[in-house]
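Now for the letters of each chain:
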2 protein chains.
Amino acid sequence: MLAKTSNFEADLQDVATFAKALGHPARAAIVQHLAQNESCICGEIVDVIPLAQATVSRHLKTLKEAGLVKGEIDGPRSCYCLDAAGFARFAATMRDFLDGVEAHPIGDQCCP
Amino acid sequence: MLAKTSNFEADLQDVATFAKALGHPARAAIVQHLAQNESCICGEIVDVIPLAQATVSRHLKTLKEAGLVKGEIDGPRSCYCLDAAGFARFAATMRDFLDGVEAHPIGDQCCP
DNA sequence: ATCCGTTATCGTATTTATACGATAATATCG
DNA sequence: CGATATTATCGTATAAATACGATAACGGAT
């Protein structure tokens, strides 16, 4: 392909990166689950997500790379929790984007 | 693969679907551009996005399928604009998700 | 009716994402 | 130390996404 994603403005890049991280229901579910159980759940995530353990582990890795989740891997019982700072940045980025779009009047009847 | 995305709750599914639609900087840029120029721009989008015309057209299709953008194709000068209702739904879905996560205390020191 | 400019689609190639079984790694417990 | 439980990684297969050139389709202008 070519990953020509570098020709865009940084803020749009951030929006896209964060959005992509949530762009799979399993990852959205993981984030929500980690939030609802504020203490970080470990392998319990695997039980909640209807996917194989290896697949869940990979989704967790994706979330970690996106900075939304932190994980302490201690052999038998790994430990994941939301990355407070990372999630805050994400939320701010997304809200700014949404607000920015809605700051303009969205003409519904375009090109009459 | 198997697209086992159907085993998740509907709201998470929506979050993921919308997030995925924004999960590419070109699409985020298109949405932002359509918002900033409230009148719908037609082929101008291609000039703004640093990608080939065919690729931009496909991204537009993706956005249209996600319900974020509306397009009137009239031969020589197609016309795209934000889908006001669709974008509102998206914004609400995303904000609900963010709010829901932040409604819980995000324990930063997980599993001590 | 023909040409022209614009846009969508097709065909294709490459990369990335998704998924799972199998295996390795690692800390805890007996 | 050995057994066990948990998790990450590997190998692999398949699907989806991304990208572009080429071509078709289409309305408007000549």
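In this text, all values refer to a predicted model and were calculated from it rather than measured experimentally.

S.K.: Please clarify how the interface of chain A and chain B should be interpreted in this entry.
M.R.: Counting from both sides, the interface comprises 50 residues of chain A and, opposite them, 50 residues of chain B. Buried area between chain A and chain B, both sides added, is near 4500 Å², and the carbon and sulfur share of it is 73%. Looking at the side of chain A facing chain B, the largest losses of area belong to Phe-8, Pro-25 and Arg-95 of chain A, adding up to 13% of the total buried there. The tally of links between chain A and chain B comes to four salt bridges. Here chain A and chain B share four residue pairs in polar contact (both at pLDDT 80 or more) between them. Among the elements of the structure, helix H1 (10-21), helix H2 (25-36), strand S2 (79-82) and helix H5 (84-102) of chain A are those that each provide at least two residues to the side of chain A that touches chain B. Top element by residues in the side of chain A that touches chain B is H5 of chain A. It accounts for eleven residues.

S.K.: Where do I start with the relation of the copies chain A and chain B in this structure?
M.R.: Both copies of the chain are related by one operation, a rotation about an axis with a shift along it. In screw terms, the move from chain A to chain B is a rotation of 180° and a rise of 0.0 Å along the axis, fitting with an RMSD of 0.0 Å. What the superposition gives is, in effect, a two-fold axis relating one chain to the other. Rotation axis and chain A: the residue whose C-alpha lies nearest the axis is Ala-19 of chain A, separated from it by 2.3 Å. The fraction of interface residues of chain A whose copies in chain B are also interface residues reaches 100%, indicating that both copies meet through the same surface.

S.K.: Quick question: what am I supposed to make of the pattern of salt bridges here?
M.R.: Opposite charge on two side chains permits pairing when their charged atoms draw close. Within this structure, the stated rule accounts for four salt bridges over all chains. In this structure, the salt-bridge partner of Glu-102 of chain B is Arg-95 of chain A, at a minimum N-O distance of 3.1 Å. With Glu-102 of chain B in helix H5 (residues 84-102) and Arg-95 of chain A in helix H5, this pair bridges two chains. Relative accessible area serves as the criterion here: at 23%, Arg-95 of chain A is assigned to the partly exposed category. Notably, a salt bridge pairs Arg-95 of chain B with Asp-99 of chain A, separated by 2.7 Å at the nearest N-O pair. Separated into two different chains, Arg-95 of chain B in helix H5 and Asp-99 of chain A in helix H5 make up a pair that spans both.

Definitions and limits used
- Residues numbered from 1 in each chain as written.
- Chains lettered and ligands numbered in written order.
- Predicted model: local features only at pLDDT ≥ 70, side-chain atom pairs only at ≥ 80, totals over all residues.
- Heavy atoms only, no water.
- Contact = heavy atoms within 4.5 Å.
- Buried area = accessible area lost by both parts, 1.4 Å probe.
- Salt bridge = Lys/Arg side-chain N within 4 Å of Asp/Glu carboxyl O.
- Polar contact = N/O pair within 3.5 Å; in protein donor to acceptor, adjacent residues only side chain to side chain.
- Helix = DSSP H or I, 4+ residues; strand = E, 2+ residues; numbered from the N terminus.
- Least-squares fit on C-alpha atoms with pLDDT ≥ 70 in both.
- Buried < 20%, exposed > 50% of the residue type's maximum accessible area, 1.4 Å probe, protein only.

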